[in-house]
Amino acid sequence: MWKLLPVVAGVLWAAATCLAEPPTQSPWPTNIFAPESTPAYELYNLTMFVLSICALIFIIVFGLLLYSAVKFRQRRDDDGREPPQIYGSNPLELSWTVIPVLIVLVFFLANARVIHSVQDARRPPGAIE
């Protein structure tokens, strides 16, 4: 289990660096991580928001997977029979339906806000139409 600590630390480090300020200089002409215009800053912030939510989801799912693999691994004294199956847990089915819908709704609203602000941005004086 301790072998996975560097992986988890790396994921946490990557998630933390996503929230840092964008770099000011970039060797590439176009880069989402080095925005140069007002809409690019908004898109950068949206990208970092989505990446941080996805990193959080990854950490939670990975943690639950690791917990399940450790807790329910095969034991020496196991007789090989299947445990009794339980069907129809309404709270569980409701949670794995509602939570993804809420996540998609948050992503939709964040995207809609950024698209609306970029589309309705005032043009600077002297801009070519």
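Anyway, here's the lowdown on the structure attached to this text. The structure displayed is predicted, hence computed values, not measured ones.

1. A closer look at the overall build of the protein
When helices and strands are counted, the protein shows three helices and zero strands. Overall, the protein shows an N-to-C arrangement of helices and strands of α-α-α. Looking at the 129 residues of the protein, the share that counts as buried comes to 12%. Excluding contacts between residues fewer than 6 apart, the proportion of contacts in the protein whose partners are at least 24 apart in sequence is 60%. Here the protein displays about 11,300 Å² of accessible surface, and carbon together with sulfur accounts for 68% of that area.

2. A closer look at the layout of surface pockets
Here the largest pocket defines a volume of roughly 260 Å³. Together, 13 residues line the largest pocket, and Ile57, Ile60, Val61, Ile99 and Ile103 are the ones closest to its centre. Elements that contribute at least two residues to the lining of the largest pocket include exactly α2 (38-71) and α3 (90-119). With seven residues, α3 is the largest single contributor of residues to the lining of the largest pocket. The residue makeup of the lining of the largest pocket, split by class, is 12 nonpolar, one polar and no charged.

3. Brief notes about the packing of α2 against α3
In contact at an axis separation of 9 Å, α2 and α3 are set at 175° when each is read in the N-to-C sense. With respect to α3, the element α2 is oriented roughly antiparallel. Taken together, the residues of α3 that come into contact with α2 (itself represented by Pro39, Glu42, Leu43, Leu46, Phe49, Val50, Ile53, Cys54 and Ile57) are Ile103, Val106, Phe107, Ala110, Asn111, Val114, Ser117 and Val118. Split into classes, the residues belonging to the contact of α2 with α3 amount to 14 nonpolar, two polar and one charged.

4. Section: a nonpolar patch on the surface
A cluster of nonpolar side chains, Leu94, Val98, Leu102, Leu105, Phe108 and Leu109, forms an exposed patch at the surface whose accessible area comes to about 580 Å². Relative to the elements of secondary structure, Leu102 occurs in helix α3. Among the residues examined, Leu102 registers a relative accessible area of 46% and is labelled partly exposed.

5. Notes on α3
Its 30 residues place the ends of α3 43 Å apart at the C-alpha level, agreeing with the 44 Å of an ideal helix rising 1.5 Å per residue. Residues Phe107, Ala110 and Val114 constitute the buried set of α3. Check the buried side of α3 and you find it contacts α2.

6. Observations regarding the environment of Met48
Here Met48 is to be found in helix α2. The sequence separation of Met48 and Phe33 amounts to 15 residues, and the corresponding C-alpha distance is 9.1 Å.

So, how was this worked out
Residues numbered from 1 in each chain as written. Predicted model: local features only at pLDDT ≥ 70, side-chain atom pairs only at ≥ 80, totals over all residues. Heavy atoms only, no water. Helix = DSSP H or I, 4+ residues; strand = E, 2+ residues; numbered from the N terminus. Buried < 20%, exposed > 50% of the residue type's maximum accessible area, 1.4 Å probe, protein only. Contact = heavy atoms within 4.5 Å. Areas by Shrake-Rupley, 256 points an atom, 1.4 Å probe, with all protein chains shown as cover. 1 Å grid on protein atoms, 1.4 Å probe; cavity = no way out; pocket = protein on both sides within 12 Å on 5 of 7 lines; lining within 4 Å. Points joined across faces, edges and corners; volume = space filled by probe spheres on them. Nonpolar A, V, L, I, M, F, W, Y, C, P; charged D, E, K, R; others polar. Axes fitted to C-alpha atoms, helices over the stretch in contact; angles between N-to-C directions. Parallel < 35°, antiparallel > 145°, perpendicular 65-115°, else oblique. Patch = residues over 30% accessible without salt bridge, like charges linked within 9 Å, V, L, I, M, F, W, Y side chains within 5 Å. Salt bridge = Lys/Arg side-chain N within 4 Å of Asp/Glu carboxyl O. Expected span 1.5 Å × (residues − 1).

The values are spatial; any link to function lies outside them.
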